[in-house]
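Analysis of the macromolecular model
Here is how the chains run, residue by residue.
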Amino acid sequence: MISAAQKLGFHPKKMWLCVLVLLSTSSQSVLAQSSIETTPVGNAQDRYPVDWQAVAAESMEYFLALLRTNTSNPPGNETEVATYLQRVLQQEDIKAELFALDPTRANLVARLRGNGSKAPILVMGHTDVVGVQPDRWSVDPFGAVAKDGYIYSRGSLDDKDNVTAGLMLMLLLRRAGVELDRDVIFLAEAGEEGTTKFGIDYMVDQHWNQIASEFCLAEGGGTVARDGEVRYVKIATTEKFPMRVRLVARGTAGHGSIPRLDNAVSALARAVARVAAWQSPLRLNETTRAYFSRLSEISSPEEAARYRGVLDPKQQQRIEHYFAEHEPQHYALLRTSVVPTIMNAGFRRNVIPGEAEATLDIRGLPDENPEEFYRDLAVLINDPNIEIIPEGVYRPGSPPSSLESEMFQALERITDRLFPNAVTLPSMLTAATDMAQVRAQGTQCYGFGAVRTEEDIVGGGGAHGDDERIMESSLLTLIQYLWYTVLEVAASE
Ligand SMILES: [Zn+2]
């Protein structure tokens, strides 16, 4: 007879980890299967045993409280969450300080001291969320409703799950009295969703000494399961950065009955069409190379041939066309992308407007040089009546974090330990996060994330979506992943 855990693909030796059975539709039944590790041996994970059942219940309480605090940005009101976290931490004698550019938008920093033999680790999560269109939700977006093994709430995946994991990490480290080589710093930050001046910019510019660290762990990765088993763990090691521009076309205003060669609407349409048809140069980096190569190892033969092929200059052109049509998320990894998103032209059908405008959402590869890129764009558009106006780069470009670092190697080991049949995929985010500012300070940052099923990822309900939801059991898995990783890198021998 095989046990339920074995059926789900779990390594028999890892039975103590059967709490990680992820895909039961009811998290109650998942938790019922969990056992408590007790064997005290040499490794830090064994020296500091954790009662995961108790952690599951306790962390869920914090998580629900955070989700039920509406921190839609704007206006944010992150101070409410920051003071809640401060209270929980201080109840266990962990000093937690608030830092605020605006009193309603506080950031929280807590630190557990190590022996100083190694540099600190920063664990961060953002406390604000994007807004909602409540009519489009099947439940109250701030009710944290439990249904079918999921918790439905704005912020459940982005990013109050990571905030809860960071909080729980601090409590567990303190309670277990873990001896640390490194300080462990927890930053719950405001304003990630578009108002970084209150959050990460303020902390980096004004209070860097509070969060200076060698490594940082944050949002942006993701753990992906198929048929009851985790297939891969994406760790975000780098990201593209927004370098948007406005195109402004100018011409002579006049009567709609009299055609003019310098019609601003026509000029703008031509420019946008040129830009949309253009393929900027294809460029891979260490992360995207490793990503495609490792992805090929767990893909069907046909897919694997494509993922390997994209690394081969002779096949790239054919494969990028395939990606453009069938796998746009992979197409976006190959280049700095230029996507027209807004056009504004005209106000009356019989008036030629003097001006017309478009917005291009440009996402630069980490090593992109915006000035050079804008010059190339001007050459491409080739129309002196079109002005290219950069909106300003508010997240700095930064070098990818290393795949050879102590932290990345620890993350790989923890993936192997928790999900024996999964691979660790280093990944480049196409969207931007607060890791950009921290990486720009020289910190190596790695994004990790909750378990989601492939069906879930395709079906919506993700970050920023309507009915954003997390599998109840994913919260505990996220905490375990963080706990074991931090022990691996920070606990003293
Ligand atoms: Zn986020």
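Residues numbered from 1 in each chain as written. Predicted model: local features only at pLDDT ≥ 70, side-chain atom pairs only at ≥ 80, totals over all residues.

Here we come to the overall build of the protein chain. Looking only at helices and strands, the protein chain features 18 helices and 20 strands. Relative to the 2.2 N^0.38 estimate, which gives 23 Å for 493 residues, the radius of gyration of the protein chain is 24 Å and therefore close to what a compact globule would have. When the backbone C-alpha atoms are referred to their principal axes, the protein chain occupies close to 85 × 55 × 50 Å. For the protein chain, the residues scored as buried account for 43% of the 493 residues in total. Relative to all contacts within the protein chain whose residues are 6 or more apart in sequence, the contacts with residues 24 or more apart total 76%. (Helix = DSSP H or I, 4+ residues; strand = E, 2+ residues; numbered from the N terminus. Rg over C-alpha atoms; globule rule 2.2 N^0.38 Å. Buried ≥ 20, exposed ≤ 12 C-beta atoms within 10 Å, placed from the backbone. Contact = placed C-beta atoms within 7 Å.)

The N-to-C vectors of helix α15 (residues 406-418) and helix α18 (residues 472-490) enclose an angle of 130°; their axes lie 9 Å apart at closest approach. Compared by their axis directions, α15 and α18 come out oblique. The handedness of the crossing between α15 and α18 comes out as right-handed. Residues Glu-406, Met-407, Ala-410, Leu-411, Arg-413, Ile-414, Arg-417 and Leu-418 of α15 lie in contact with α18, whose contacting residues are Gln-480, Tyr-481, Tyr-484, Thr-485, Glu-488 and Val-489. (Axes fitted to C-alpha atoms, helices over the stretch in contact; angles between N-to-C directions. Parallel < 35°, antiparallel > 145°, perpendicular 65-115°, else oblique. Left-handed = near helix turned anticlockwise from the far one by under 90°.)

Before going further, it helps to examine the packing of helix α4 (residues 52-67) against helix α6 (residues 160-176). Where α4 contacts α6, the axes come no closer than 10 Å and their chain directions differ by 135°. Considering the angle they form, α4 stands oblique to α6. For α4 against α6, the interelement crossing comes out right-handed. Residues Val-55, Ser-59, Tyr-62, Phe-63, Leu-66 and Leu-67 of α4 form the contact with α6, whose own contacting residues are Lys-160, Val-163, Thr-164, Leu-167 and Met-168.

Residues Val-123, Leu-169 and Leu-482 are the most contacted members of the largest nonpolar core, which totals 115 residues. Residue contributions to this core peak at twelve residues, all from α18. Among the domains, domain 1 (50-238 + 400-490) and domain 2 (241-390) are the pair contributing at least three residues each to this core. Aside from chain neighbours lying at most four places away, what touches Leu-169 is Val-123, Leu-482, Trp-483 and Val-486. (Core = buried A, V, L, I, M, F, W, Y, C linked by C-beta atoms within 7 Å. Domains from an automatic or database assignment.)

On average, residues of the protein chain carry a pLDDT of 91, and 91% of them reach 70 or more. Of the regions scoring below 50 in pLDDT, residues 1-41 engages in 65 contacts with residues more than four places distant in sequence or in other chains. (pLDDT = per-residue confidence, 0-100.)

The subject of this paragraph is the sheet that holds strand β5 (residues 150-152). Spatial strand order, β4-β5-β20: three strands in an open sheet with antiparallel pairing. Each edge of the sheet is formed by a strand with only one pairing partner; in this case those strands are β4 (145-147) and β20 (469-471). With strand direction ignored, the average angle separating the axes of adjacent strands in the sheet is 25°. Across three bridges, the pairing between β4 and β5 is antiparallel. Directly across from Lys-147, in β5, lies its bridge partner Tyr-150. Running over the sheet, α18 touches β4, β5 and β20 and is turned about 70° from β20. (Pairing = 2+ DSSP bridges.)

Looking at the assigned domains, one finds that the protein chain contains domain 1 (50-238 + 400-490) and domain 2 (241-390). Distance from the C-alpha centre of domain 1 to the C-alpha centre of domain 2: 32 Å. Each side of the interface is counted separately: domain 1 has 14 residues, and domain 2 has 16 residues. Secondary structure elements with two or more residues in the side of domain 1 that touches domain 2: β9 (229-239) and β17 (423-429).

So, about the pairing of β9. In terms of burial, β9 is a largely internal element, nine of the eleven residues being buried. The pairing of strand β8 (residues 222-226) with β9 spans five bridges and is classified as antiparallel. Note that in β9 the partner of Gly-222 across the bridge is Lys-234. Counted along the chain from β8 to the antiparallel partner β9, the turn is two residues long, and its residue Asp-227 has a positive phi close to 50°.

With that settled, consider the environment of Val-248. Summarising the element assignment, Val-248 is placed in strand β11 (residues 245-250). Judged by local crowding, Val-248 falls into the partly exposed class, with 19 C-beta atoms found within 10 Å. For Val-248 and Thr-359, which are 111 residues apart along the polypeptide, the C-alpha to C-alpha distance reads 8.9 Å. Excluding residues within four positions of it along the chain, Val-248 makes contact with Glu-355, Glu-357, Glu-387 and Ile-389.

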